[in-house]
Each structure stands twice: as structure tokens, then as C-alpha cells.
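Fold and geometry: a report
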Amino acid sequence: MAPRIADNAPLGELRRYPCTHFDFYRDSIRQIVATDQIRFLRTQLFGFDSE
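Read on for a plain summary of the structure. Model, not experiment: these values are computed from the prediction. (Residues numbered from 1 in each chain as written. Predicted model: local features only at pLDDT ≥ 70, side-chain atom pairs only at ≥ 80, totals over all residues. Heavy atoms only, no water.)

Points about the pattern of salt bridges
Tallying each qualifying case throughout the model produces 4 salt bridges. Note that Asp 27 and Arg 30 form a salt bridge whose closest N and O atoms lie 2.1 Å from each other. Linking Asp 27 with Arg 30, this pair stays in helix H2 (residues 27-46), spanning 3 residues, or about one helical turn. (Salt bridge = Lys/Arg side-chain N within 4 Å of Asp/Glu carboxyl O. Helix = DSSP H or I, 4+ residues; strand = E, 2+ residues; numbered from the N terminus.)

Things to note about the environment of Ile 38
Relative to the elements of secondary structure, Ile 38 occurs in helix H2. The partly exposed category is assigned to Ile 38, whose relative accessible area is 45%. As a C-alpha pair, Ile 38 and Ala 2 span 36 residues in sequence and 20 Å in three-dimensional space. (Buried < 20%, exposed > 50% of the residue type's maximum accessible area, 1.4 Å probe, protein only.)

A few points about the packing of aromatic side chains
This model, assessed by the stated rule, comprises 2 aromatic pairs. Note on Tyr 17 and Phe 24: the rings are 6.0 Å apart at their centroids and 85 degrees apart in plane angle, and the pair reads as edge-to-face. The partly exposed category is assigned to Phe 24, whose relative accessible area is 31%. Ring geometry for Phe 22 against Tyr 25: centres 6.3 Å apart, planes inclined by 20 degrees, an arrangement best described as stacked. Tyr 25 gets classed as exposed once you look at its relative accessible area, which sits at 61%. (Phe/Tyr/Trp six-rings, centres within 6.5 Å; stacked < 30°, edge-to-face > 60°.)

Below you can see the structure in the form of C-alpha cells.
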């Protein structure tokens, strides 16, 4: 279902992570996901990606 939703979202991105649902509570995974989310928002809201 998620791939179909991402395909229909004009600015959407689908990211897959090598973990299970509850692994997102681990700091190492949470930091990776948060970094990806911030990068996406900066790109979409401000038009740039500052790494």
C-alpha cells in the first residue's frame, strides 16, 4: 500500500529501512530516519538540501 501512495504523491519519497517497526525506537535508527525527514522537509519547503 505504501508504494502506491508514494507513487501518487507528486513530491513524495518512499524510503525503506532495514529494520522492524519497533526498531525505530532505537537511537541509531531514529537518528537516520530523523535526518532523512529533515532533509526532505528542507528540500521541499526551502528548495535546498544542506548537508
